[in-house]
Amino acid sequence: MFIGVLLIITWLILLLRYPAKAVPVSLAAACGLALVAGWVVWLDNREAQQLARLELRLTYAPEHCPADRPLQVKLNNGNKVPLTELRWRVAAYAPGDTVNLADNQYSAPRYRGPGELQAGASWQDCLPLPPLRPGYRPQTLEFRAERLQGSFSR
């Protein structure tokens, strides 16, 4: 923090004392910073669009899955590039409600997708349920994937 303040004060002093030399250097630095910021925003938007093209459905299906992993997940990669990594959190909602009933604590399971999923491919698996708040049964709830984080090959 102190170094940053010192750099800003030094830059302001140089700008006031030697404006003919400091202004062009400052403009070049600002242009470089703007290019880096634009690149980061573009990459972030690209990743958000790629995550939006993923179709991830969660269903409570104890008849199709083992008893210790009754949450069925189906993932379809609708992108033109392979998915290399995917992580998410499971949220549980009562129909028509907006309160997350999954008790997402530190001990809650971490959910990850397949290692690599090719473009247009599908993946299906069974996962453990997140801990639910007391008094709610999983068969009456609707499960959703939230906070998706992923990476795609270039």
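Not measured: the values here are computed from a predicted model. (Residues numbered from 1 in each chain as written. Predicted model: local features only at pLDDT ≥ 70, side-chain atom pairs only at ≥ 80, totals over all residues. Heavy atoms only, no water.)

Turning our attention to the overall build of the chain. Within the chain, the secondary structure is distributed over two helices and six strands. In sequence order, the chain lays out its α and β elements as α-α-β-β-β-β-β-β. A compact globule built from 154 residues should have a C-alpha radius of gyration of about 15 Å, whereas the chain, at 24 Å, is more than 25% larger. Summarising its shape, the C-alpha atoms of the chain cover approximately 75 × 40 × 25 Å along the three principal directions. A burial count over the chain gives 28% of its 154 residues as buried. Across the chain, contacts joining residues at least 24 apart in sequence account for 68% of those joining residues at least 6 apart. On the chain, roughly 10500 Å² of surface is accessible, and the fraction owed to carbon and sulfur atoms is 61%. Where the 17 positive side-chain charges of the chain centre and where its 12 negative ones centre are 9 Å apart. (Helix = DSSP H or I, 4+ residues; strand = E, 2+ residues; numbered from the N terminus. Rg over C-alpha atoms; globule rule 2.2 N^0.38 Å. Buried < 20%, exposed > 50% of the residue type's maximum accessible area, 1.4 Å probe, protein only. Contact = heavy atoms within 4.5 Å. Areas by Shrake-Rupley, 256 points an atom, 1.4 Å probe, with all protein chains shown as cover. Lys, Arg positive; Asp, Glu negative; His and termini not counted. Charge placed at Lys NZ, Arg CZ, Asp CG, Glu CD.)

Considered as a void within the structure, the largest pocket measures approximately 230 Å³ in volume. As for the largest pocket, its lining consists of 13 residues, and the residues nearest its centre are R87, W88, R89, R110 and Y111. Contributions of two or more residues to the lining of the largest pocket are made by β3 (83-93), β4 (111-112) and β6 (142-152). In terms of residue count, the dominant contributor to the lining of the largest pocket is β3 (four residues). Grouping the amino acids of the lining of the largest pocket by side-chain chemistry returns five nonpolar, three polar and five charged. (1 Å grid on protein atoms, 1.4 Å probe; cavity = no way out; pocket = protein on both sides within 12 Å on 5 of 7 lines; lining within 4 Å. Points joined across faces, edges and corners; volume = space filled by probe spheres on them. Nonpolar A, V, L, I, M, F, W, Y, C, P; charged D, E, K, R; others polar.)

Turning next to the pairing of β3. Sheet analysis places β3 next to β6, joined by nine bridges and oriented antiparallel. If you follow V90 over to β6, its bridge partner there is A145. Of the strand pairs in this sheet, β3 and β4 are connected by two bridges, and their pairing is antiparallel. Across the sheet, W88 pairs through a bridge with Y111, a residue of β4. (Pairing = 2+ DSSP bridges.)

Right, let's talk about the sheet that holds β3 for a bit. Pairing in this open sheet of three strands is antiparallel, and the strands run β4-β3-β6 from one edge to the other. The open sheet has two edge strands, β4 and β6, and neither has a second partner. Helix α2 (residues 19-52) rests against β3 and β6 of the sheet, and its axis sits at about 135 degrees to β6. (Axes fitted to C-alpha atoms, helices over the stretch in contact; angles between N-to-C directions.)

In this structure, R147 takes a positive phi of about 55 degrees despite not being glycine. Mapped onto the secondary structure, R147 falls in strand β6. A residue is classified by how much of its surface remains accessible, and R147, at 60% relative accessible area, is exposed.

Shape descriptors only; they carry no functional weight alone.
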